[in-house]
Amino acid sequence: MTKPLFNLATPVLRLLLLLSMGSFWMAAESAEPLVFTLRIKDHLFIPAELLVPANTRFRLRIVNEDATAEEFESASLNREKVIMGRSEGIIHLGPLAPGEYSFFGEFNPRTALGRLIVNETDHD
Ligand SMILES: [Cu+2]
């Protein structure tokens, strides 16, 4: 009783699996996420000014090279994220209007300062 059902289901399952993998790849390909990297080292953001394109979605990858945790915080970007020592995090941003968006490290607010410079021209 179970065997014929199984035999019938298997090609269908294979087809479904193939279709879902296909749409996954298509989604992954069409997303082609733009990634910009910000480092934290000695309680500083590097670079302190990061150029990013306006009106597009992108990911901000924050690599904390310090041994201690830091919190990326920005009121203008409406984001905050703790990044543990010697680890990294991703923040999804955009589309942003042209302008400057300041951010700071809440755990080291006197030194960890930076801003995103968002403008119309593309930056690689
Ligand atoms: Cu905070």
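Refer to the structure printed above.
A short tour of the structure in this document, coming up. Since the model is a prediction, treat every value here as computed from it, not as a measurement.

**With respect to the overall build of the chain**
Along its length, the chain carries one helix and nine strands. Ordered by position from N to C terminus, the α and β elements of the chain give α-β-β-β-β-β-β-β-β-β. Sequence separation of at least 24 residues holds for 60% of the intrachain contacts in the chain that already meet a minimum separation of 6.

**Side note on the environment of Leu44**
Secondary-structure assignment places Leu44 in strand S2 (residues 44-46). A residue is classified by how many C-beta atoms lie within 10 Å of it, and Leu44, with 16 of them, is partly exposed. A C-alpha to C-alpha distance of 9.5 Å links Leu44 and Pro109, two positions 65 residues apart in sequence. Not counting residues within four places of it along the chain, the set of residues in contact with Leu44 comprises Thr111 and Ala112.

**Quick notes on the sheet that holds strand S8 (residues 99-105)**
Spatial ordering of the open sheet is given by S3-S9-S8-S5-S6, a layout of five strands whose pairing is mixed. Single-partner strands in this sheet number two, and they are strand S3 (49-53) and strand S6 (79-83). When strand polarity is set aside, the average angle formed by the axes of neighbouring strands in this sheet is 20°.

**Digging into the sheet that holds strand S4 (residues 58-64)**
Taken together, four strands build an open sheet; the order of strands is S2-S1-S4-S7 and the sheet is mixed. Each edge of the open sheet is held by one strand with a lone partner, namely S2 and strand S7 (87-93). Going across the sheet, the axis of each strand differs from the next one's by a mean of 25°, ignoring polarity. In this sheet, S7 lies alongside S4 in antiparallel orientation, the contact comprising seven bridges. In the strand pairing of S7, Arg61 is matched with Ile90.

The rules behind the values
- Residues numbered from 1 in each chain as written.
- Predicted model: local features only at pLDDT ≥ 70, side-chain atom pairs only at ≥ 80, totals over all residues.
- Helix = DSSP H or I, 4+ residues; strand = E, 2+ residues; numbered from the N terminus.
- Contact = placed C-beta atoms within 7 Å.
- Buried ≥ 20, exposed ≤ 12 C-beta atoms within 10 Å, placed from the backbone.
- Pairing = 2+ DSSP bridges.
- Axes fitted to C-alpha atoms, helices over the stretch in contact; angles between N-to-C directions.

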